[in-house]
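Notes for the structure review
Chain by chain, the residues run as shown.
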Amino acid sequence: MRILSTLNKIIVLTSPLYTGSLLTKGLTSLLSSSSSSSLSSLSSSLYSTTLRMSYENKQTESDIADVYIVPMFTDNYGYIIVDRDTGSAAAVDPGEPQAIMNAAQTLGINIQQLWITHKHGDHSGGNEFIKSKVPGMKIYGTKHEAIPAITHELGEGDSLQLGSLKVKVLYTPCHTSGHISFFVESPSSSIAPILFPGDTLFVGGCGRFFEGTADQMCDNMRRFSELPSITKVYPAHEYTLSNYKFLASISNEICQRKYEEIQKVRDAGESTVPSTIGDEIKTNLFMKVFESQVQKLVGQDTPSKAMAELRQRKNNF
Ligand SMILES: [Zn+2]
């Protein structure tokens with residue numbers, strides 16, 4: 001009873017932060033332990049379950065996989081995605097390799113793949129180091145630009161497998177000319193798929209056009225908006241507050257309420273990821289440039305011109 005009450009306390013304390021299946025699995029194994037289990041093995045299970053709370057997993061049972069958020073540098077996010085059926089795991093854009101490796105160790109996760117969205121060092125700069133530590137590591141990245149230590153080159157329409165998960169590659173050039181996004185498909189309309197758009201789509205924003213055009217970014221936004229609205233979106237940076245400050249300056253009517261919501265989340269020290277495609281379509285003006293009402297807000301009459309104008313204003317904001 002003492003053990004169970006300790007366990008209940010941990011559940012109560014940690015459940016708001018942790019809704020993923022690993023906790024369920026950990027608890028199941030604890031509860032199924034026979035009453036003669038040694039206290040030391042129980043303590044060790046509790047210890048590891050508690051440690052898992054250090055990295056947020058906001059996924060629910062109705063999402064396709066677990067995703068752990070790993071803050072890196074000042075405002076980057078790396079992620080660890082875990083297939084619930086097989087335990088197979090990949091790290092997404094692990095630009096700060098030690099941060100990802102520490103997270104994997106803490107979580108007791110064995111990363112077998114790296115998914116790299118583009119060449120910038122804060123996304124691909126950890127590849128060599130991780131490969132040197134884990135020689136068999138598979139490194140998936142774009143075939144359109146130089147990705148360090150790459151083992152699997154990908155382009156539009158390619159797919160890869162992580163355990164039982166099928167992952168589709170979307171070629172999304174503009175931020176860099178070779179940028180790709182990873183879309184983890186779902187077999188059912190009631191189970192949320194997952195999008196890792198790198199530096200192409202942010203919560204309330206889009207990436208800078210370093211090597212591309214407004215037309216290309218429009219194509220990217222259109223493609224993302226065609227994904228299921230329940231798709232969970234995990235961008236590579238926490239830019240949300242400044243994005244919505246800007247968007248609210250363009251349209252108070254569409255964006256002010258969201259800006260206030262985001263302010264509360266950030267004031268509480270929480271991350272604003274994941275978003276969903278449905279939420280981005282509602283208030284991210286970069287996703288809404290196809291609407292004439294939004295084009296008019298920035299004095300333009302086509303999606304492409306509105307995209308260029310919005311991006312320019314954001315650059316100078
Ligand atoms: Zn970048």
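Read on for a plain summary of the structure. (Residues numbered from 1 in each chain as written. Predicted model: local features only at pLDDT ≥ 70, side-chain atom pairs only at ≥ 80, totals over all residues.)

1. Observations concerning the packing of helix α7 (residues 214–225) against helix α12 (residues 303–315)
Where α7 contacts α12, the two axes come as close as 8 Å, and the packing angle between them is 105°. By the criterion of interaxial angle, the relationship of α7 to α12 is roughly perpendicular. Contacts between α7 and α12 involve Ala214, Asp215, Met217 and Cys218 from the first element and Pro303, Ser304, Met307, Ala308 and Arg311 from the second. In terms of residue class, the contact of α7 with α12 is built from 6 nonpolar, 1 polar and 2 charged. (Axes fitted to C-alpha atoms, helices over the stretch in contact; angles between N-to-C directions. Helix = DSSP H or I, 4+ residues; strand = E, 2+ residues; numbered from the N terminus. Parallel < 35°, antiparallel > 145°, perpendicular 65-115°, else oblique. Contact = placed C-beta atoms within 7 Å. Nonpolar A, V, L, I, M, F, W, Y, C, P; charged D, E, K, R; others polar.)

2. Examining unusual backbone geometry
Trans peptide bonds make up the majority, and among non-glycine residues the majority have a negative phi. Following valine 273, the chain continues into proline 274 via a peptide bond in cis, with omega recorded as -5°. Relative to the assigned elements, proline 274 resides in the loop between α9 (252–267) and β14 (275–276). Phi angles above zero are rare outside glycine, and aspartate 93 is one such case at about 45°. Assignment of secondary structure puts aspartate 93 in the loop between β3 (89–92) and α4 (97–107). In this structure aspartate 93 comes out as buried when scored by C-beta crowding, with 32 C-beta atoms within 10 Å. One non-glycine residue with positive phi stands out, namely cysteine 174, at about 155°. The topology assignment puts cysteine 174 in the loop between β8 (165–171) and β9 (180–184). Its 26 C-beta neighbours within 10 Å are what place cysteine 174 among the buried residues. (Buried ≥ 20, exposed ≤ 12 C-beta atoms within 10 Å, placed from the backbone.)

3. A few points about the pairing of strand β1 (residues 66–72)
Taken across its 7 residues, β1 has 5 buried, putting it largely inside the fold. Here β1 runs beside strand β2 (residues 76–82); their pairing, made up of 7 bridges, is antiparallel. Each residue of the ladder has a partner; that of proline 71, found in β2, is tyrosine 77. Taking the residues that link successive antiparallel strands as the turn, the β1-β2 hairpin has 3 residues, and the phi of phenylalanine 73 there is positive, at about 45°. (Pairing = 2+ DSSP bridges.)

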